[in-house]
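Architecture at a glance
What follows is the residue order along each chain.
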There are 2 protein chains.
Amino acid sequence: MDCIFCKIVKGEIPSYKVYENEKVLAFLDINPANYGHVLVIPKEHYNNILDVEEDDLIEITKAVKKIAEILAILLEPDGINILQSNNPAAGQVINHIHFHIIPRFVNDKVTFHWEPNKLEKKQFEELAKRLKEELEN
Amino acid sequence: MDCIFCKIVKGEIPSYKVYENEKVLAFLDINPANYGHVLVIPKEHYNNILDVEEDDLIEITKAVKKIAEILAILLEPDGINILQSNNPAAGQVINHIHFHIIPRFVNDKVTFHWEPNKLEKKQFEELAKRLKEELEN
């Protein structure tokens, strides 16, 4: 398999590791949005949030929190974003699920922006009903 | 306490609920980035990723995956972003931890953008070392 992150896990490609346990690996993003930008991945290969095993996702989440706490203490950023992108349309470049932990600073160059979509009350109600029905199954 | 999301949990403010269990609540964002934009929150009040209890964070994570799976099936988006913002500098508006699940569509109006920061090898190494030391404690 020709996955860059799998190669990082195996040590075939170098990385700036910051945390590792049996299930997950965290390392510095080499194209950081800001100083302290960390990626957290499962050692096992999954494409995204849809196919990741729940146990691995939980281990990733625990590592994300732990690392965010340390970044907050060490770098004292003004904020932190946690971002996980699925598919190229969402900005996913490497096809191995990863969570970005991005320290934020006032007036930095990171942009997370959207204009609210206008939906009618009826559209909200219909959508909520459809999702609720599926989620109750 | 004057928290909008706590009021939604208590039913004092209406919301378009899509999923609920003992620990978490999920509802439609009323200012959606795209059709199908869902927020997942713990019923307990926490400000952000730093103070949330791990058990609640795990329950949120499980709900996020479950809802993302249903959104993927029902809406067939081109991608999905999971975003969690801490502090106003990171775009957090409501001071009650929440995870955005945002279905993405090619050519939609959502922007997640950053220009890579250039760091020297030595800077990466020093930063990784500092983080690793703290994370091993």
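Residues numbered from 1 in each chain as written. Chains lettered and ligands numbered in written order. Predicted model: local features only at pLDDT ≥ 70, side-chain atom pairs only at ≥ 80, totals over all residues. Heavy atoms only, no water.

To continue, consider the sheet that holds strand β1 (residues 17-20) of chain B. The antiparallel open sheet is built from ten strands, whose spatial order is β1(A)-β2(A)-β3(A)-β5(A)-β4(A)-β4(B)-β5(B)-β3(B)-β2(B)-β1(B). At either end of the open sheet lies a strand with only one pairing partner, and these are β1 (17-20) of chain A together with β1 of chain B. Neighbouring strand axes in the sheet, compared pairwise and without regard to direction, differ in orientation by 20° on average. Lying over the sheet, helix α3 (residues 121-136) of chain A contacts β1, β2 (24-28) and β3 (38-42) of chain B, oriented at roughly 25° with respect to β1 of chain B. Helix α3 (residues 121-136) of chain B contacts β1, β2 (24-28) and β3 (38-42) of chain A of the sheet and is inclined by roughly 25° relative to β1 of chain A. (Pairing = 2+ DSSP bridges. Helix = DSSP H or I, 4+ residues; strand = E, 2+ residues; numbered from the N terminus. Axes fitted to C-alpha atoms, helices over the stretch in contact; angles between N-to-C directions. Contact = heavy atoms within 4.5 Å.)

To continue, consider the interface of chain A and chain B. At the interface, 70 residues of chain A touch 70 residues of chain B. For the chain A and chain B pair, buried surface summed over both sides reaches about 6,500 Å², with 69% attributable to carbon and sulfur atoms. When residues of chain A are sorted by the area they lose upon contact with chain B, Lys65, Trp114 and Leu135 of chain A head the list and together hold 12% of the total. Along the contact surface separating chain A from chain B lie zero salt bridges. (Buried area = accessible area lost by both parts, 1.4 Å probe. Salt bridge = Lys/Arg side-chain N within 4 Å of Asp/Glu carboxyl O.)

Turning our eyes to something else, we now look at the side chain of Asn34 of chain B. Summarising the element assignment, Asn34 of chain B is placed in the loop between β2 and β3. Given the relative accessible area of 7%, Asn34 of chain B is considered buried. With near-sequence residues (within four places) excluded, Asn34 of chain B lies in contact with Asn117 of chain A together with Ile102, Pro103, Arg104, Phe105, Asp108 and Val110 of chain B. (Buried < 20%, exposed > 50% of the residue type's maximum accessible area, 1.4 Å probe, protein only.)

Moving on, we come to helix α2 (residues 54-75) of chain A. For α2 of chain A, which comprises 22 residues, the first-to-last C-alpha distance of 31 Å matches the rise-based estimate of 32 Å (1.5 Å per residue) to within 8%. A positive backbone phi angle near 45° is found at Glu76 of chain A, which sits one or two residues after α2 of chain A. (Expected span 1.5 Å × (residues − 1).)

Let us now look at a negative patch on the surface. Residues and elements named next belong to chain A. Among the surface-exposed residues, Glu44, Asp51, Glu53, Glu54 and Asp55 lie close enough to one another that they form a single negatively charged patch. With respect to the secondary-structure elements, Asp51 resides in the loop between β3 and α2. By relative accessible area, Asp51 is classed as partly exposed at 34%. (Patch = residues over 30% accessible without salt bridge, like charges linked within 9 Å, V, L, I, M, F, W, Y side chains within 5 Å. Areas by Shrake-Rupley, 256 points an atom, 1.4 Å probe, with all protein chains shown as cover. Lys, Arg positive; Asp, Glu negative; His and termini not counted. Charge placed at Lys NZ, Arg CZ, Asp CG, Glu CD.)

Moving on, we get to the environment of Ile101 of chain A. Residues and elements named next belong to chain A. When you line up the elements, Ile101 lands in strand β5 (residues 99-104). Judged by relative accessible area, Ile101 falls into the buried class, the value being 0%. Distance from Ile101 to Ile82, taken between C-alpha atoms, is 4.8 Å for residues 19 residues apart in sequence. Aside from chain neighbours lying at most four places away, what touches Ile101 is Gly36, His37, Val38, Val40, Val64, Ile67, Ala68, Leu71, Ile80, Asn81 and Ile82.

Generally, phi is negative for residues other than glycine and the peptide bonds are trans, each holding for most cases. One non-glycine residue, Asn107 of chain A, adopts positive backbone phi at about 65°. You can see Asn107 of chain A is positioned in the loop between β5 and β6 (111-113). Accessibility expressed as a relative area gives 73% for Asn107 of chain A, which makes it exposed. Residues other than glycine seldom take positive phi values, yet Glu76 of chain B does so here, at roughly 45°. Considering the arrangement of structural elements, one finds Glu76 of chain B in the loop between α2 (54-75) and β4 (79-86).

As for its placement among the helices and strands, Asp29 of chain A is situated in the loop between β2 and β3. Lys118 of chain B provides the closest opposite charge to the buried, unpaired Asp29 of chain A, separated from it by 10 Å. In terms of polar contacts, Asp29 of chain A uses its side chain to reach the backbone amide nitrogen of Asn31 of chain A, at 2.7 Å. When sequence neighbours within four positions are dropped, the list of residues in contact with Asp29 of chain A reads His37, Val38, Leu39 and His100 of chain A together with Phe124 of chain B. (Polar contact = N/O pair within 3.5 Å; in protein donor to acceptor, adjacent residues only side chain to side chain.)

What follows concerns the packing of aromatic side chains. Applying the stated criterion across every chain, the model contains seven aromatic pairs over all chains. Taking the centre distance of 4.9 Å and the plane angle of 10° together, the rings of Tyr16 of chain A and Phe124 of chain B count as stacked. Here the residue Tyr16 of chain A occupies a position in the loop between α1 (4-10) and β1, and Phe124 of chain B occupies one in helix α3, the pair thus bridging two chains. A relative accessible area of 6% places Phe124 of chain B in the buried class. Feature note: the residues Phe112 and Trp114 of chain A together with Phe112 and Trp114 of chain B constitute an aromatic cluster, connected by ring pairs. Stacked on the ring of Phe112 of chain A, the Lys or Arg Arg104 of chain A has its end atom at 5.6 Å from the ring centre. (Phe/Tyr/Trp six-rings, centres within 6.5 Å; stacked < 30°, edge-to-face > 60°. Lys NZ or Arg CZ within 6 Å of the ring centre and 35° of its normal.)

Glancing now at the pairing of β2 of chain A. Residues and elements named next belong to chain A. Of all five residues that make up β2, five are buried, and the element is covered over most of its length. Residue alternation in β2 divides its side chains into two sets, Val24, Ala26 and Leu28 and Leu25 and Phe27, and both sets are buried. Where β1 folds back on β2, the antiparallel hairpin that results is connected by three residues. Relative to β3, β2 is paired through five bridges, and the arrangement is antiparallel.

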